[in-house]
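Coordinate analysis (summary)
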Protein chains: 4
Amino acid sequence: MAKSITKIGVMTSGGDAPGMNAAIRAVVRTCAYHSIDCVGIYRGYQGMIEGDFKPMNARSVNNIVNKGGTILKSARSKEFRTKEGRKKAFDQLLDYGIDALVLIGGDGTFTGGLVFNEEYKFPIIGIPGTIDNDIYGTTFTLGYDTALNTVVEAIDKIRDTASSHDRLFFVEVMGRDAGDIALNAGVGAGAEEILIPEEDMGLERLLDSLKRSKKSGKASSIVVVAEGDKTGKNVFELAEYVEENLPDYEVRVSVLGHMQRGGSPSCYDRVLASRMGVKAVESLLDGKSNFMVGVKNDEIILTPLDKAVKGKSEIDQELLRVSDIMTT
Amino acid sequence: MAKSITKIGVMTSGGDAPGMNAAIRAVVRTCAYHSIDCVGIYRGYQGMIEGDFKPMNARSVNNIVNKGGTILKSARSKEFRTKEGRKKAFDQLLDYGIDALVLIGGDGTFTGGLVFNEEYKFPIIGIPGTIDNDIYGTTFTLGYDTALNTVVEAIDKIRDTASSHDRLFFVEVMGRDAGDIALNAGVGAGAEEILIPEEDMGLERLLDSLKRSKKSGKASSIVVVAEGDKTGKNVFELAEYVEENLPDYEVRVSVLGHMQRGGSPSCYDRVLASRMGVKAVESLLDGKSNFMVGVKNDEIILTPLDKAVKGKSEIDQELLRVSDIMTT
Amino acid sequence: MAKSITKIGVMTSGGDAPGMNAAIRAVVRTCAYHSIDCVGIYRGYQGMIEGDFKPMNARSVNNIVNKGGTILKSARSKEFRTKEGRKKAFDQLLDYGIDALVLIGGDGTFTGGLVFNEEYKFPIIGIPGTIDNDIYGTTFTLGYDTALNTVVEAIDKIRDTASSHDRLFFVEVMGRDAGDIALNAGVGAGAEEILIPEEDMGLERLLDSLKRSKKSGKASSIVVVAEGDKTGKNVFELAEYVEENLPDYEVRVSVLGHMQRGGSPSCYDRVLASRMGVKAVESLLDGKSNFMVGVKNDEIILTPLDKAVKGKSEIDQELLRVSDIMTT
Amino acid sequence: MAKSITKIGVMTSGGDAPGMNAAIRAVVRTCAYHSIDCVGIYRGYQGMIEGDFKPMNARSVNNIVNKGGTILKSARSKEFRTKEGRKKAFDQLLDYGIDALVLIGGDGTFTGGLVFNEEYKFPIIGIPGTIDNDIYGTTFTLGYDTALNTVVEAIDKIRDTASSHDRLFFVEVMGRDAGDIALNAGVGAGAEEILIPEEDMGLERLLDSLKRSKKSGKASSIVVVAEGDKTGKNVFELAEYVEENLPDYEVRVSVLGHMQRGGSPSCYDRVLASRMGVKAVESLLDGKSNFMVGVKNDEIILTPLDKAVKGKSEIDQELLRVSDIMTT
C-alpha cells in the first residue's frame, strides 16, 4: 500500500509561461484544503538539489493568480541530468519530509521527472506549463491562450502600420517544433500566409500566394512565421527572398520575441491552472503517480507521463484549411 | 433534391458579441472561396423585412477580424414575430435571390429562424454569438472568451483598490440565466465568493464564508455576482445586507455593465468565428439546414437547431468545487 | 538652522491612484541614493498613530513600479482629526526616529499634513496622488493619465455595442468636484456630450444637441457624465429624462465605478511618480517643508502646500470648445 | 490681403503614428464647424502629385478617433523632391480647388512643405505626428505617449520572464536620433540602464553598472537601448559584449520593432490630436501659414515651421538623473 502523503513539493521548470503562478496557487490551496503541507521548490531541479525550499500556506499565494512569470523561478540544471545530482535531490526531499511532487513545465521537466521516479519511486504528477502547446495529452497547455492573445495584439498593431504604408510584414512568433501559435495567431490576426514547422508550403507557393493577394486588391499583408518553419530560411532571409522576387512589395520584418512568454494570464489560463492544480494534488492523494494532468473536451483528465512525453501533438489540418479559405 | 445554393445571406441579431465580425468575415470569404454570392443583411430580422441588403465580397470584410460589435448591426424586430412580417422577409429574400441564411446570434435569433424555416423551408444554419455561453450544443459561444478576459481585467483593477483599502467589493457581471461568466471570471479573478443563477448558496453561507475569509487573514475580498443570481437580492441589496451583518467590512459595489459586450475579440474567439463561419457555409452547400454550428472537444460540430434552443447548458459542478477550494 | 534629516517616512492616504507605488519606490530609492533611512508608514495617518512602520531599502520596492494600488495601503483616520490623535502620531514618529515625511495623496491628506506641521513643525512634502486631477499647483496628478486611458478603453468597448444597436449610452465617470476626467476622456472617446460639475449645460441644450446629432446622421451616441455634474439629475435620471423626451433614442446607462482607480500605471504616471519622488526627498534634504511637488510645462516644481489645498484647479475652456467642435 | 480659404486639404506623411486618425478627424470636423470644405489627400505627397483626393465631411471620420495608423495612408515620394513633381502637385491642388493644407507628419513632411510653400506661397500648417518626439517646438508629438505605453507594456512582459529566470535582457526600442522613448520608457519600466543617441555612457560604465546591480541583490535586469545609441555597437553586439565580460549574466535580446508605431492611441494622444487639429484649421482661417502646431505647458501654441525643422529637441537631463537614482 502506498504510504499516505503528508507533504507535497511544487516546482516550476523550463521556460516560464503565464498561468504558472495560478497553478502554484492552486496546488498550495488544494494542499491547505486537504490539510496537507506544501513546500515551494525554487529554481526547478537545481533548487531541488540545493534544498532551496520554502513552506507555503494558503496566504503565501495571495494576489498571484494574475501575475505572469513564476514566483518559484525556473532554471536549467545540468547536475540533475547526472545520477549524483538526482541522488542529492532525493536526499534533500527526504530531509525536508517531502513525499510527492507536482512538476509544472514542459517536455524537459517531465523527462527529468520520469527518470527520477524510476530511480526513487517518488510520486510525481505533471502540469503542462508552456506557451508552445506542444504536449501530447492535453488540448491546451498553460500559457498558450495568453501567448495567442499577446501575439494577435502585437500583430494588430503591426497591421496599423502595414496598411498605412501598403507594406508586407514578416512576423516571427515562437514555436521551434510546433506551429500552434503561428497557425492560431495567424488565423486570429488575419495573416495572409502562415509558415509552420509541420508543413513545408514551399517558397514557390508563398510567392504565388502573395501575388494573388496583391492582385485581389489587398494593399498590405502579414505573413506569420514560426521560429522553426520548414522553408530552410529564417525570417530575414525569407523577407529578402520575397523582396527580390516580388519587387512590388515593400517588406519589413518583426521578431516578437520574449514578450510572448510574459504578461498577465488570460482568464482561460487562470481557470485552467486552477483546475489542473486541484487535479494534480488530489491525484497524488489518491495514490496516483507518473501522470500528467491535461484538458480534453473541457474536462480535466490524466495521461501517463511517458505517453505525454513521447506522444506527438499534431497540427490541426482543419484549421490549416480554414486559414487558406480566410485568405481568399 | 435540394435546389443548389448560389447566394447566401448573413445576418447578426440579438445582443452583439465580440467575434461576430470575424464570423461575418469568415462567411463572406468562404462564399468567395466557393464562388457563391454573399449578401449582408443589416439590422437582423428587421432589416430582412425592410430589404436592407448589401452584396459583400472578400474585400468587404478587410480589417474587421479584430473589431468588436457587428458591422451588420443588430436590432430587435417585433414585426418578425408576426406571420405578415415573416412573409415580407421571405419576399425580400426571394426578390434579392438569396437562397440560404447564416444566422449569427443567440436563442432568440435561432427561435425566429426555426419558425421561419418551418413556414418557408428556407435553409438556415446558426452560429452561436453571445457572451453568455448559455447555448446547448457548443462548449463555447462566440464572444464568451473575450468577455471573460474583459471581466477579469476589470476585477484585477478593482482588486488594486480593494486591497489598498482592505475593502469588500461586490462586482456584478452579466448573466441573467447563466452563471458561466460569473463562475469562470470569478475563479480567474480569485474571487472569494461567486453567486450564480443556477445555485442558491444562501445568504447564511455567504456571511459564513466572508467571516472565514476575514479570519484566515484576508484583508480584502471580491464577491462576483451574476445579474440573475438566486439570492433574491440584487447586488446593492446584497452589499447592504452584508454591511449590516458584518460591520467589520467596508463594502463597495461595482456593476461592470455593457463594456462586457464590446472590445476587440480574443484570439480564441477570432479563430472560433473563422472555423464556425467556414462550417456554416459549407454545411449549407452540403444541403444541410436547421443546424447550429458548435465546438466540442476542439472540433467543429453540428447540433439540430431545435435541440440547441431547447437544450439546457449546465453549470460546471467541478468548477464550482475548484472555486470552493481556491478560497481556502 | 534646520536639523539635518536622517530618516524619512513615506505614506499614502486617501483614495488610491495608479502611480502611488512608483512614487513610493522613487522616495525609497532616492533615500537610498542619499544614504538616508526610509520608513514605510502603513494605512495612512491611522497607521502613523498606531506606529505601523516598516523600514524600507532599495530592494523593498523591486517590481512595484508597474503595480496599481499602494503597497503601503491607505485608510481614513478619524482619530488624526483630533489633537490627541496627532499627538500619538507625533510620538510614534519621534520614537521611531523619523524626522520628515513624504505624504502621497490628495486634498484631505495635505490638509491633515498642514495641521500636523503647524502643531509640531514636522517637515513635510506632499506628492499629489489622485485620479481626479483636482489639485492646484500641478498640471497633472498621479494616476490621472492612467484613469483617462482606463475610461477611454471602457468607452471604446461600450461604443462597439452602442453602434451595433444604434443606441444612446450615458456613461458615468469619476469626478465629484472636477470634470477633468469627464472632459478629457469624453473628447478622447469621441463623446457627443460631456456633463461636468464646473459648467451647467442645461437639460435643454442636452436635448438639442442629441436631436442635432441624430439629424446629422449619427446613429449612436455616447454622453459622458461626471459624478458631480451640474444638472441636478444623476445619470439614471438623466437617461430617463432623455428617453421620455426623445423617444427615438434607445437609452442605456453604464457607471464605470471603481475600476477607474486601479490598473497598471501608464508610462506617463510612472515617470511622473519617479520624478516627483526624487524631488520630494531632495526638497526635504534641502531643508524645505510645507510644499507640494507638481509638474508644470513638463518641469517639476514646488507649490506651497496651503496654496495647493486652497487653490482651485480650473476646467480647460479651450478643451470645452474643442469638444463642441468635435461633435459637429 | 490673403485670399479667404474655402477648401482645406489634409494629408499624413512619413512614418505613421497613433493619433494621426484623431487629428484627421479633428481637421475635418473643424472645417465642417466653420462651413469650410475639406479634402483628404491620400498617400502623402505622392497622392498629392497623383490627385488622389476625396472630399470629407463630418461623417467621413466617424469611429476613427480610437484607431491606429492613418486612414489617409502614408507613402514616400521621390517625385515630390523634384521641381516637376511639386509643380504637378500644385496643379492638382489648384484643379481641385484646395487652397490650404494641413500636413500631419514629421521633419521630412515639414521640410517638403516649406519648399512647396516657398515656391507656390501655398498656405500650410503642420501637425507633429511621429512617435519619436524629436521635433522642436512641442513638448509632445502625436503618437509618442501611446508608443511609451506600448513599450512599457512589452517590457513588463519581458520582465516576467527575466525575473523568472534571473536573466539580463537588452531591449531595443525606436529612436534613431532621439532617446526620448528609450529614456522615458526605460524609467517607466524600471530599466537598470538606458542607452540613448544623445549621451555616450561608455561600455565601461555599462559593465560597472551591471556589476553593481548584481551585487546589490538584483537577480534580473533590463537594459533599454535606443536604435541609434552612441556606443557604436548594436543591441546584439552589446549583448555579446556583456556576456563575454560578465559571464555571470545569462543575456537575451529583444527588438520591439514596428509594433511601437501602431495601436489604439492613448487618451492623451487623442485629446492632443483633437486640440491640434482645431488649432491647425483655425490658424489657416486666420490667415496664418508656415507654422507648426505644438503643445507647451499644456497649451496649444504655434512655432514657425522652419524653426521646428531646424531646432533641436534636447534630452531631459533631469530625467537622466532620475533614471540614475532609480537604479540605486
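Keep in mind that this is a model prediction, so the values were computed, not measured. (Residues numbered from 1 in each chain as written. Chains lettered and ligands numbered in written order. Predicted model: local features only at pLDDT ≥ 70, side-chain atom pairs only at ≥ 80, totals over all residues. Heavy atoms only, no water.)

Side note on the domain arrangement of chain A
Residue and element names in this part refer to chain A. The condition is simple: For each domain, the first and last residues come from an automatic or database assignment. Residue contacts follow a heavy-atom distance rule, with two residues in contact if any of their heavy atoms lie within 4.5 Å. Accessible area that two parts lose when put together, evaluated with a 1.4 Å probe and summed over both, is termed the buried area. The term salt bridge refers to a side-chain nitrogen of Lys or Arg lying within 4 Å of a carboxyl oxygen of Asp or Glu.
By domain assignment, chain A separates into domain 1 (7-143 + 265-310) and domain 2 (145-261). Put simply, the middle of domain 1 and the middle of domain 2, counted by C-alpha atoms, are 34 Å apart. On the domain 2 side, the residues contacting the twelve residues of domain 1 number eleven residues. Across the domain 1 to domain 2 interface the summed buried area is about 970 Å²; carbon plus sulfur atoms make up 50%. Between the two partners, domain 1 and domain 2, sit zero salt bridges.

Re the pattern of salt bridges
Selection rule: To qualify as a helix, a DSSP run of H or I must reach at least 4 residues; to qualify as a strand, a run of E must reach at least 2; elements of each kind are numbered from the N terminus. Relative accessibility under 20% of the residue-type maximum defines a buried residue, over 50% an exposed one, and the middle range a partly exposed one, all with a 1.4 Å probe and only protein chains included.
By the definition in use, this model includes 79 salt bridges over all chains. Where Asp298 of chain B meets Arg275 of chain B, a salt bridge forms, and the shortest distance between an N and an O atom there is 3.3 Å. Here the residue Asp298 of chain B occupies a position in the loop between strand 10 (291-296) and strand 11 (299-304), and Arg275 of chain B occupies one in helix 9 (residues 267-285), the gap between them amounting to 23 residues. On the accessibility criterion, Asp298 of chain B (25% relative accessible area) is partly exposed. Its relative accessible area of 5% is what places Arg275 of chain B among the buried residues. As a salt-bridge pair, Asp316 of chain D and Arg275 of chain C come within 4.0 Å of each other at their nearest N and O atoms. One end of the pair, Asp316 of chain D, is in the loop between helix 10 (305-310) and helix 11 (317-326); the other, Arg275 of chain C, is in helix 9 (residues 267-285), on a second chain. One network of salt bridges, in which partners are shared, links Asp316 and Glu318 of chain A together with Arg275 and Asp298 of chain B.

Overview of the relation of the copies chain A and chain B
Stated formally: Superposing copies: least-squares fit, C-alpha atoms only, residues required to have pLDDT of at least 70 in both.
Superposing chain A onto chain B requires a rotation of 180° together with a translation of 0.0 Å along the rotation axis, leaving an RMSD of 0.0 Å. As the rotation angle and translation indicate, the two copies are arranged about a two-fold axis. When C-alpha positions in chain A are compared against the rotation axis, the closest is assigned to Asn297 of chain A, at 1.8 Å. Both copies share a contact surface, since 100% of the interface residues of chain A are interface residues in chain B too.

Some remarks on the packing of aromatic side chains
Note the threshold: Note on ring pairs: Phe, Tyr and Trp rings are taken, using the six-membered ring of Trp, and paired if centres are within 6.5 Å. Classes follow the plane angle, with under 30 degrees stacked, over 60 edge-to-face and the rest tilted. A ring has a charge above it when a Lys NZ or an Arg CZ is no more than 6 Å from the ring centre and no more than 35 degrees off the ring normal.
What the rule picks out here adds up to 43 aromatic pairs over all chains. Between the aromatic rings of Phe116 of chain C and Phe122 of chain C, the centroid separation amounts to 5.7 Å while the plane-to-plane angle is 50°, which identifies the pairing as tilted. On the basis of relative accessible area, Phe116 of chain C is assigned to the buried category, the value being 1%. Seen from their ring centres, Phe90 of chain D and Tyr120 of chain D are 4.3 Å apart, and the 10° between their planes marks the pair as stacked. Of the two residues, Phe90 of chain D is situated in helix 3 (residues 83-96) and Tyr120 of chain D in helix 4 (residues 107-120); the sequence distance between them amounts to 30 residues. The exposure class of Phe90 of chain D is buried, given its relative accessible area of 16%. A relative accessible area of 21% means that Tyr120 of chain D is categorised as partly exposed. Taken together, the ring pairs connect Tyr45, Phe80, Phe90, Phe116, Tyr120 and Phe122 of chain A into an aromatic cluster. One Lys or Arg, Lys214 of chain B, reaches over the ring of Tyr249 of chain B and ends 4.2 Å from the middle of that ring. The lysine or arginine in question, Lys296 of chain B, covers the ring of Tyr136 of chain B, its NZ or CZ lying 5.8 Å from the ring centre.

Focus: helix 11 of chain D
Structurally, the α-helix is built with 3.6 residues per turn, so residues lying three or four positions apart point the same way. Definition in use: N or O atoms closer than or at 3.5 Å make up a polar contact, with two conditions inside protein: a donor-capable atom paired with an acceptor-capable one, and, for residues adjacent in sequence, both atoms drawn from side chains.
Of the residues making up helix 11 of chain D, those classed as buried are Leu319, Leu320, Val322, Ser323, Ile325 and Met326 of chain D. Looking at the packing, one finds that the buried side of helix 11 of chain D touches helix 1 (20-33) and helix 9 of chain C together with helix 6 (180-188) and strand 7 (193-195) of chain D. For helix 11 of chain D, the side-chain oxygen to backbone nitrogen distance between the N-cap and Glu318 of chain D is 3.1 Å, and the N-cap itself is Asp316 of chain D.

Notes on the UniProt feature "binding site: Mg(2+)" (unreviewed entry) in chain A
In plain terms, the rule: UniProt positions are given in the numbering used here, feature names are shortened, and annotations may be inferred rather than shown by experiment.
Taking the UniProt record as the reference, the feature "binding site: Mg(2+)" (unreviewed entry) is found at Asp107 of chain A. Assignment of secondary structure puts Asp107 of chain A in helix 4 (residues 107-120).

Quick word on the side chain of Ser274 of chain B
Within the fold, Ser274 of chain B resides in helix 9. A polar contact of 2.8 Å, which involves the side chain of Ser274 of chain B, links it to the backbone oxygen of Arg270 of chain B. Apart from residues no more than four positions distant in its own chain, Ser274 of chain B is found in contact with Val187, Val322 and Met326 of chain A together with Arg25 and Ala26 of chain B.

Details of the interface of chain C and chain D
Which entries qualify depends on this criterion: Residue type decides the class: Asp, Glu, Lys and Arg count as charged, Ala, Val, Leu, Ile, Met, Phe, Trp, Tyr, Cys and Pro as nonpolar, and the leftover types, Gly among them, as polar.
Listed as interface residues are 52 residues of chain C and, on the opposing side, 52 residues of chain D. For the pair chain C and chain D, the summed buried surface comes to about 4200 Å²; carbon and sulfur atoms form 55% of the total. Linking chain C to chain D there are eight salt bridges. Residues Glu282 of chain D and Arg321 of chain C are paired through a salt bridge, measuring 2.7 Å at the closest nitrogen-oxygen approach. Where chain C meets chain D, there are 15 residue pairs in polar contact (both at pLDDT 80 or more). Here the side of chain C that touches chain D takes eight residues from helix 9 of chain C, the largest share from any one element. Residues belonging to the side of chain C that touches chain D are distributed by class as follows: 20 nonpolar, 17 polar and 15 charged.

A word on the relation of the copies chain C and chain D
If you rotate chain C by 180° and push it 0.0 Å along the axis, it lands on chain D with an RMSD of 0.0 Å. A shared interface surface links the copies, since 100% of the contact residues of chain C are contact residues in chain D too.

Thoughts on a negative patch on the surface
How we decide: Patch building starts from residues that exceed 30% relative accessible area and form no salt bridge, then joins like charges within 9 Å and nonpolar side chains (Val, Leu, Ile, Met, Phe, Trp, Tyr) within 5 Å. Only the protein chains shown count as cover for residues, and the accessible areas themselves come from Shrake-Rupley with a 1.4 Å probe. His is not counted, nor are the chain ends, whereas Lys and Arg count as positive and Asp and Glu as negative. Taken as the charge centre is NZ of Lys, CZ of Arg, CG of Asp or CD of Glu, depending on the residue.
A surface patch of negative charge is lined by Glu153 of chain A, Glu153 of chain B, Glu153 of chain C together with Glu153 of chain D. By secondary structure assignment, the location of Glu153 of chain A is in helix 5 (residues 144-165).

What about the interface of chain A and chain B?
Contact with chain A, which involves 52 residues of that partner, is made by 52 residues of chain B. Together chain A and chain B conceal approximately 4200 Å² of surface at their shared face, both sides included; 55% is due to carbon and sulfur atoms. The tally of links from chain A across to chain B stands at seven salt bridges. Here chain A is connected to chain B by 15 residue pairs in polar contact (both at pLDDT 80 or more).

Concerning the sheet that holds strand 9 (residues 251-255) of chain C
All names here are of chain C. Applicable threshold: Two strands pair if DSSP finds at least two bridges between them. The axes are straight lines fitted to the C-alpha atoms, using for helices just the contacting stretch, and the angles between their N-to-C directions are given from 0 to 180°.
With respect to topology, four strands assemble into an open sheet ordered 7-8-6-9, the strand pairing being parallel. A strand with exactly one partner marks an edge of an open sheet, and here the two such strands are strand 7 (193-195) and strand 9. Within the sheet, the average angular offset between the axes of one strand and its neighbour, ignoring direction, is 20°. Relative to strand 8 (residues 221-226), strand 7 is paired through three bridges, and the arrangement is parallel. Each residue of the ladder has a partner; that of Glu193, found in strand 8, is Val223.

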